[in-house]
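Summary of the model geometry
Given next are the chains, with one letter for each unit.
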Amino acid sequence: MAAKRKDPNPPSGWWYNTRTGQVEHGELSRAIDLMGPYPDEATARNALEIARERTKRADREEAEWEGEDVDER
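About the cut-offs
- Each chain has its residues counted from 1, running along the sequence as written.
- In keeping with the model being predicted, local features are shown solely for residues with a pLDDT of at least 70 and side-chain atom pairs are shown and tallied solely at 80 or more, while totals for entire chains, interfaces and linings include all residues.
- Based on all heavy atoms of the structure, the side-chain values leave hydrogens and waters out of the count.
- Every helix listed is a DSSP run of H or I at least four residues long, and every strand listed is a run of E at least two residues long, numbered separately from the N terminus.
- Burial status follows relative accessibility: with a 1.4 Å probe on protein chains alone, a residue under 20% of its type maximum counts as buried, one over 50% as exposed, and anything between as partly exposed.
- Any two residues whose heavy atoms approach within 4.5 Å at even a single point are treated as in contact.
- Only the protein chains shown count as cover for residues, and all accessible areas are computed by the Shrake-Rupley method using a 1.4 Å probe.
- By definition, a salt bridge exists where a carboxyl oxygen of Asp or Glu is found within 4 Å of a side-chain nitrogen of Lys or Arg.
- To estimate the expected span of a helix, subtract one from its residue number and multiply by 1.5 Å.
- For this analysis, a polar contact is any N or O atom pair within 3.5 Å, provided that within protein one partner can donate a hydrogen and the other can accept it, and provided that sequence-adjacent residues contribute only side-chain to side-chain pairs.
- At least two DSSP bridges between two strands are required for those strands to pair.

Comments concerning the overall build of the chain
When helices and strands are counted, the chain shows two helices and three strands. Reading the chain from its N terminus to its C terminus gives the helix and strand order β-β-β-α-α. Across the 73 residues in the chain, those meeting the buried criterion constitute 19%. Once local pairs closer than 6 in sequence are excluded, the contacts in the chain between residues at least 24 apart make up 19%. Split by element, the accessible area of the chain, about 6100 Å² in all, is 50% carbon and sulfur.

Some details on the pattern of salt bridges
Enumeration according to the criterion identifies five salt bridges in this entry. Across the pair Arg 19 and Asp 33 runs a salt bridge whose closest N-O atoms are separated by 3.3 Å. In this pair, Arg 19 is assigned in the loop between β1 (14-17) and β2 (23-25) and Asp 33 in the loop between β2 and β3 (34-38), connecting sequence segments 14 residues apart. One salt bridge connects Glu 49 with Arg 52, and the closest N-O pair in it is separated by 2.7 Å. With Glu 49 and Arg 52 both in helix α2 (residues 47-65) and three residues apart, the pair spans about one turn of that helix.

Looking at α2
With 19 residues, α2 extends 27 Å between its outermost C-alpha atoms, agreeing within 8% with the 27 Å of an ideal straight helix rising 1.5 Å per residue. Gly 67, located one to two residues past α2, shows a positive phi value of around 80°.

Examining the side chain of Asn 17
Tracing the chain through its elements places Asn 17 in strand β1. Here the side chain of Asn 17 touches Arg 19 through a polar contact of 2.8 Å, landing on its backbone nitrogen. Here the side chain of Asn 17 touches Thr 20 through a polar contact of 3.0 Å, landing on its backbone nitrogen. Apart from the residues within four sequence positions on either side, Asn 17 is in contact with Gln 22, Glu 24, Ser 29, Asp 33 and Leu 34.

Looking at the pairing of β1
Across three bridges, the pairing between β1 and β2 is antiparallel. Among the inter-strand pairings, Tyr 16 is bridged to a residue of β2, identified as Val 23. Between the end of β1 and the start of β2, which pair antiparallel, lie five residues, with Gly 21 showing a positive phi angle near 75°. Pairing analysis gives three bridges linking β1 to β3, with the strands arranged antiparallel. The residue bridging Tyr 16 from the neighbouring strand is Met 35, located in β3.

Here it is, written out as structure tokens:
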């Protein structure tokens, strides 16, 4: 079996690995396990909170679009 070749120009930036809970510099793990890229390590560490806030905002916007009453939960 041929060895897996590394991308000679991997994406730069910081990534949050959802499987391990660790922050990585550069795309080191499987893409399916990564969130990012983020501009810096601190932002990558907050990836889950960033995703939570974006989801809440999108849910509110969708509810408003559909004419539903929106509360600020």
